[in-house]
Amino acid sequence: MQRAIRLASFPCLILLAAGFLFHVAAQAPKTGATATASQDTTKRVLTLADYGKWNRVTSTALSPDGKWMSYAYQPNTGDQTLFVKQLDGEKLYTIPVGPAAGGGGGRAGPGGGGGAGGATQFSDDSRWIGYYVNPPASARGGARAGTPGGAQGGAPGGTRGGTGGRGAAGAAPAERQTRRFELLELAIGERYSLPNPASYRFSKGSHWLAVRLNRSSMADTSSSGADLVLRDLSSGTNRNIGNVNLYEFDAAGAQLAYTVDAQEKIGNGLYLLQPATGETRVLATAAADFDALSWSAEGANLAVLRGEKKKENKQKDNILLTWTGVGSGSAREVQFDPAKEDTFPKGMVLSEFSTPQWSKDGTKLYIGIKNQEPEPPTSSEPQANVDIWHWKDPLPQSEQIIRLPQERRATLPAAFLIVSRKFVPLGDDDMRGVTPVSNGKWGIGRNDAAYRGELEGGGGATRADYYRVSLETGERTLISKGLTRTMGTSPDGKWFLYLKDKHVHAFNLDTAKDAVIDTKVGRSFVDEEDDRPAEKPTYGVAGWTKDGTSVLLYHRYDIWQLPLDGGAAVNLTKGKGDAEEIRFRIVRLDGGARGGRGGGGGRGGGGGDEEGLDLAKPQLLSAYGEWTKKSGYYSLVSGQEPKPLIWLDKQIGQADKAKDADRAIFTEQSFTEFPDWWVTNSAFETPRKITDANPFITDYAWGSRVLVDFKNSKGQRLQATLTLPANYDQGKKYPMLVYIYEKLSNTHHTFSMPVYDDRPHMSAYASDGYLVLQPDIVYETGKPGLSALDCVTAAVKKVIELGYADPKHIGLQGHSWGGYESSFILTQTDMFAAVVTGAPLTDLTSMYNEIYKQTGTINQGILELGQGRWGLNVNPWTAHDLLESQSPVHQVTKLNTPFLILQGTADGAVDWNQGLEYFNAARRNGKKVIFLSYPDEPHHLAKEENQKDFQVRMKQFFDHYLKGTPAPKWMTDGVPQTEKGGPIK
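These notes cover the structure that comes with them. (Residues numbered from 1 in each chain as written. Predicted model: local features only at pLDDT ≥ 70, side-chain atom pairs only at ≥ 80, totals over all residues. Heavy atoms only, no water.)

1. Digging into the pairing of strand β4 (residues 68-75)
The element β4 is extensively covered by neighbouring structure, given that 8 of its 8 residues are classed as buried. Of the two faces of β4, the one lined by Trp68, Ser70, Ala72 and Gln74 and the one lined by Met69, Tyr71, Tyr73 and Pro75 are each fully buried. Alignment of strand β3 (residues 55-62) against β4, held across 6 bridges, turns out to be antiparallel. Within β4, the position partnered with Arg56 by the bridge is Gln74. Taken together, β3 and the strand that follows it, β4, pair antiparallel across an intervening segment of 5 residues, in which Gly66 is found at a positive phi of about 75 degrees. (Buried < 20%, exposed > 50% of the residue type's maximum accessible area, 1.4 Å probe, protein only. Helix = DSSP H or I, 4+ residues; strand = E, 2+ residues; numbered from the N terminus. Pairing = 2+ DSSP bridges.)

2. Comments concerning the pattern of salt bridges
Under the criterion given, the structure shown has 46 salt bridges. We note a salt bridge from Arg476 to Asp428, for which the minimum N-O separation is 3.0 Å. Highlighted residues: Arg476 in strand β30 (residues 476-483) and Asp428 in the loop between β26 (422-425) and β27 (433-436), separated in sequence by 48 residues. Residue Arg476 is classed as partly exposed on the basis of its relative accessible area, which comes to 33%. Here Glu673 ties to Lys650 by a salt bridge, and the two come within 2.8 Å at their closest N and O atoms. Of this pair, Glu673 sits in strand β46 (residues 673-680) while Lys650 sits in the loop between β42 (643-648) and β43 (651-652), and the two are 23 residues apart along the sequence. Of the two residues, Glu673 and Lys650, neither departs from the other in class, the shared state being buried. (Salt bridge = Lys/Arg side-chain N within 4 Å of Asp/Glu carboxyl O.)

3. What to know about the sheet that holds strand β39 (residues 582-587)
The 4 strands are arranged β39-β40-β41-β42 in an open sheet whose pairing can be described as antiparallel. The two strands at the open ends of the sheet, each matched to only one other strand, are β39 and β42. Each strand axis lies, on average, 25 degrees off the axis of its neighbour in the sheet, ignoring direction. Across 6 bridges, the pairing between strand β40 (residues 619-625) and strand β41 (residues 631-636) is antiparallel. Bridge pairing links Ser622 to Tyr633 in β41. (Axes fitted to C-alpha atoms, helices over the stretch in contact; angles between N-to-C directions.)

4. Focus: the packing of helix α4 (residues 784-801) against helix α5 (residues 817-825)
At their nearest, the axes of α4 and α5 sit 9 Å apart, and the two run at 75 degrees to each other. Taken together, the axis directions place α4 and α5 in an arrangement best described as roughly perpendicular. Judged by residue contacts, Pro784, Gly785, Leu786, Ala788, Leu789 and Val792 of α4 engage Trp817, Tyr820, Glu821, Phe824 and Ile825 from α5. Taken together, the residues that form the contact of α4 with α5 break down as 9 nonpolar, 1 polar and 1 charged. (Parallel < 35°, antiparallel > 145°, perpendicular 65-115°, else oblique. Contact = heavy atoms within 4.5 Å. Nonpolar A, V, L, I, M, F, W, Y, C, P; charged D, E, K, R; others polar.)

All quantities given are derived from atomic positions and should not be read as evidence of function.
This is how it looks when you write it as structure tokens:
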């Protein structure tokens, strides 16, 4: 571990890596504790006008054989370009694919779906790649790339809107209907295309490709069927099947099941096609709807729901149709008709809103049941529109309104046993969720009835009683009451892990015996650094051993193996994590938990691997230096200390591995290095850079970063990342912008991507001669404002002491919770010359009873137990004076600093009135305040024109107060409504 050297006699500054990345010791003397960047006055200053050409990289995937990689460049302004590159050869396919779909597209797993709008996929034989091509933005009315409304939902595994099937999506909106699907044969570059696709999928073995088209906009809306094109990839021949709604290949890729949904229900049914022979069988047909098509993950078991809706009822009356051993000589059909079964609850139906899921052994189907309700009577008279808020409501009406679509589709869990044809109810209105374990013997039931209406802390940490539920009989056995933190089940389905009274418990599902398994370790696995005043989480589950005898838990840095029989625990990483303050986390490149930045395994998560970890084999670890900010990957061999594979003073991103080859891809980035993709093997040997998304970065004056160690008034060790301006001149004091939001030193190696949004970009400010400081903030319960004040001012003082900042020209900016912090800080100190606060909480007492409109929840739980960190039962009636002391609006008479407020009128997180209150209070008291209110904008500005507007105004505001540039007219005189619009002046 590389540490800063602290000497009293000369500046303490260590060069850690290329790109001018430094570590500045907290005790370094004021004089000379600086870094010098080479002077280059030929570089351009980065401005808003340059943002449009900057690219993000999306649609990254490796072919299963590791010989091809796909990636796309998505500029801030303009259309996306997909590249398919031969990694061991010269071939490179460059494909303009139009605007990014649904927000720019997502990551694609190796050889899997995902990609641009969830749409780019390699075939599993690595011969083909499929993708969508959208019309250029100019052909679609100038639609902005990356905004919602593009092609989406078309990846394999998509579902028809609401029916629960794993097959095709429904008809797309009009703006998506001019896109096309393309299939590229990688070896020869030949392309095949189809217009107006809705979804597609390859069969296992990649002999067949199925593409479902969107329905014509002129089609009858009473049916959902559309054309399905089945292509033989060997011969290039097509077969067209009409009126297909849902479709799916079996696990072997030898059979295609599909449902027909035609006008007047003529020919509706479930059909089975053998693509190799062309033989089609009718498995079921009726003038009814066929929904929720489901193959088993292994074998060839098939299920579907057949249903009809009576006019007087809200729900369909469905029958479950199942087949086991489909396509074999021992195929067996079993039907379950709830109307003919006395064990089925009266007044309920099998629901298509829950797709039947097969147990691993194929003996059970997990299904959902729902109350049947009468359709409300219609009336020609105008009806009152009233929401009745009642004190007995477990959820406020606002939350019920947001959840209404979800509640209308909510089902209760049940099981159907194939051999005995037995229906087993598993849940009820109190226990609405039962999660089957992997062996199909037990389920974990969650009963929250006794705790509904309790405060939620904003992180989903709500209490419930947990039960073991027999999937054969529905019998329940209590595990424990009032649990907040559960940690999943073992891969063999024998153990359930949970946290209670700060200890980890393992409940044996077979014997119903409970044991505390962490008492012999001598340390707690609870994250005591989590400063929210709710029950603290554990650091998370790393996995389970393959032999089923142990669970692996994360501590702050190290990984521990805890035997489930209560035996002695083993520190698998040999204490290296604690000794060098490196956070180790297990990474599964074969489909389990993924890594990067200390990732892999959630905080309190369940591990996620089905087979367990074989500790006799080397394990891959992600690694993150808590104080150095270095990151990378290590190898862990049983009985040895972890050894580094790649360990750099950069941010090493998530790695993905090819399914059938020893080839992996990953990103590395720093403040000066864009996160391009590199290819390597699983040992991270000889990595090679593949993408070069923004080569023009060298044209611009760019800053550099140093780490700053400091302490708050309580002596707590903290850090900040400080961006130095381009062409930094040692000894010169610069204007400084401070950007805050909880802990930010972990962004030290994050590339500052120029994008249109509503926050300052460190790259642009550093390019124009600013320092930018991002300090860590830790909190004392009940005093969020004073905690922020303490940490932020301590960090600023340290930077001034080190000789970087001009103390008279320091600005402050924060948004949302950072908006609260910046709004409060400016009332407590004159340290800052100007403050910009976005979407701020300003009156904690009124904010407490307002609605978080995005979810409909009341802010009470968020403020007491969540981000507000007030503490349980600390509220306006028990601690009125305390909350006023932490509220910016109540401290407004103390502020002397010019400030600018940003907020959208449609803010769904912080009510617009919070910003308005603060403005009105400051204006009434004669303070220099400007309120930028953007009509119909949400919590973060969404419209590009408004994002650009704010970026300009924020920069002008800071430039005036921190650099002395002339103030524009909108700052000095305002803008009357009669003059609204036009260029900024």
